[in-house]
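This is what each chain is made of:
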Amino acid sequence: MYDDTNIFAKILRGEIPCKKVYEDDHTLAFEDINPEAPVHTLVIPKGKYTSMKDFSANASDAEIGALIRAVGKVAALKGVEDSGFRILSNAGDDAHQTVAHLHVHIFGGRFLGPMLTKK
Ligand code: AMP
């Protein structure tokens, strides 16, 4: 169930500000408020999707295509398309998703090391 009070829903409605990087009919990209790399930008769909599980099952082909195209455009806008970047989308509790509106992180601007910390 989508919760309209989540922080990214408020950003989409213009109720709280963001540092916008890119926008089109289906997506918005903005800077993460707590960056974990020199480049840390979030790409979100404008539609009400809680996570990748919801989005992959219920979004239109146009929305899904737009999100992936937006990732490429943001990587180019942020200057990391050739140096390299990482995309990550946390879905659900085991992944520590903290905002229940689908978001794709784009990290870059330094060597990011191996994919996950082994525990
Ligand atoms: P996740 O843990 O994958 O759900 O990531 C949520 C991300 O949203 C975190 O990296 C937060 O720093 C980021 N975040 C939370 N509030 C805001 C905000 N108002 N503007 C931009 N990024 C935010």
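Quick caveat: nothing in here was measured; it's all calculated off a predicted structure.

**Q** Please give an account of the pattern of salt bridges that cites residues and values.
**A** In this structure the tally under the stated criterion is six salt bridges. Note that D4 is salt-bridged to R13, the shortest N-O span being 3.9 Å. Relative accessible area serves as the criterion here: at 32%, D4 is assigned to the partly exposed category. Given a relative accessible area of 42%, R13 falls into the partly exposed group. Here K48 makes a salt bridge to D4, at a shortest N to O gap of 3.1 Å. In this pair, K48 sits in the loop between β3 (39-45) and α2 (52-58) while D4 sits in the segment before α1 (7-12), placing the two residues 44 residues apart along the sequence. In the salt-bridge network here, residues are joined through shared partners; they are D4, R13, E15 and K48.

**Q** Tell me what's going on with unusual backbone geometry, and back it up with residues and numbers.
**A** Phi is positive for H96, which is not a glycine, with a value near 65°. Tracing the backbone shows H96 in the loop between β4 (85-88) and β5 (104-108).

**Q** Explain the site of the ligand to me, and be specific about the residues and the numbers.
**A** In the vicinity of the ligand lie 16 residues, with D32, N90, T98, H103 and H105 positioned nearest. At 3.1 Å, a backbone N or O of I33 approaches a nitrogen atom of the ligand. One of the backbone nitrogen or oxygen atoms of T98 is found 2.7 Å away from an oxygen atom of the ligand. A total of 510 Å² of accessible area belongs to the ligand in isolation, and the protein chains cover 84% of it. For the shell around the ligand, the elements supplying multiple residues, two or more each, are α1 and β2 (27-31). With three residues, α1 is the largest single contributor of residues to the shell around the ligand.

What counts and what doesn't
Residues numbered from 1 in each chain as written. Predicted model: local features only at pLDDT ≥ 70, side-chain atom pairs only at ≥ 80, totals over all residues. Heavy atoms only, no water. Salt bridge = Lys/Arg side-chain N within 4 Å of Asp/Glu carboxyl O. Buried < 20%, exposed > 50% of the residue type's maximum accessible area, 1.4 Å probe, protein only. Helix = DSSP H or I, 4+ residues; strand = E, 2+ residues; numbered from the N terminus. Near = heavy atom within 4 Å. Polar contact = N/O pair within 3.5 Å; in protein donor to acceptor, adjacent residues only side chain to side chain. Areas by Shrake-Rupley, 256 points an atom, 1.4 Å probe, with all protein chains shown as cover.

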